[in-house]
Amino acid sequence: MEWKILKGVDDIYPEQDQVVVGVWEQGDIIAALCYYDHETRQWFDADPNSEGTETCVPDYWIEMPE
């Protein structure tokens, strides 16, 4: 298994409906499960309690190993 760390730049995004670990580096490092919607070009929270809530663009994201 290998973790892939990717920057959300240069039009590199997860596949449609693929849940990834988004990481935000704003003072404290925050990580959360999220996904990118290619149709709306928005990032959304994947937490079951707040699923579908728009979130900020992560500084980078990590694909979960298969």
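Note on numbering: residues in each chain are counted from 1, in written sequence order. pLDDT decides what is reported in this predicted model: residues at 70 or higher carry local features, side-chain atom pairs at 80 or more are listed and counted, and totals for whole chains, interfaces and linings draw on all residues regardless. Note: side-chain values were computed over all heavy atoms of the structure, leaving out hydrogens and water.

Novice: Would you take a moment to explain the packing of aromatic side chains for this structure?
Specialist: Two aromatic rings are characterised by how far apart their centres lie and by the angle between their planes. Side-chain rings of Phe, Tyr and Trp, where Trp is taken by its six-membered ring, are said to pair if the distance between their centres is within 6.5 Å; with planes under 30 degrees apart they count as stacked, over 60 as edge-to-face, and otherwise as tilted. The full count for this structure, using the stated rule, is 5 aromatic pairs. With a centroid separation of 5.7 Å and an interplanar angle of 25°, the aromatic rings of Tyr35 and Phe44 are classed as stacked. Assigned by exposure class, Tyr35 and Phe44 land together as buried. Ring-pair connections join several aromatic residues into one group, and the members of that group are Tyr13, Tyr36, Trp43 and Trp61. The buried label goes to any residue with under 20% of its type's maximum accessible area, the exposed label to any with over 50%, and the partly exposed label to all in between, with areas taken from a 1.4 Å probe on protein chains only.

Novice: Honestly, the pairing of strand S6 (residues 60-63) in this entry has me stumped. Any pointers?
Specialist: If a strand is regular, its side chains alternate between the two faces of the sheet. The numbering of helices and of strands both runs from the N terminus, where a helix is a DSSP run of H or I of at least 4 residues and a strand a run of E of at least 2. Of the two faces of S6, both are covered, the one formed by Tyr60 and Ile62 as well as the one formed by Trp61 and Glu63. Each pair of strands is called paired provided DSSP finds at least two bridges between the two strands. Here 4 bridges tie strand S2 (residues 20-26) to S6, and the two strands are oriented antiparallel to one another. The residue bridging Val23 from the neighbouring strand is Tyr60, located in S6.

Novice: For this particular structure, what's the right way to read the nonpolar core?
Specialist: Across soluble globular proteins, nonpolar side chains show a tendency to be buried alongside one another. Listed in full, the 6 residues of the largest apolar core are Val20, Trp24, Cys34, Tyr36, Trp43 and Trp61. For this core, the secondary-structure elements that each account for two or more residues are S2 and strand S3 (28-37). Residues belong to one nonpolar core when they are buried, are Ala, Val, Leu, Ile, Met, Phe, Trp, Tyr or Cys, and are joined through side-chain atoms within 4.5 Å.

Novice: Mind showing me how you'd approach the pairing of S3 here?
Specialist: Alignment of S2 against S3, held across 7 bridges, turns out to be antiparallel. Paired with Glu25 across the two strands is Ile29, which belongs to S3. With antiparallel pairing between neighbouring strands as the criterion, S2 and S3 make up a hairpin whose turn holds 1 residue, including Gly27 at a positive phi of roughly 80°. Summarising the sheet, S3 and strand S4 (residues 42-45) pair through 4 bridges and their orientation is antiparallel. By the bridge assignment, Asp37 is partnered in S4 with Gln42. Here S3 folds back onto S4 in antiparallel fashion, the turn holding 4 residues, of which Arg41 has a positive phi close to 60°.

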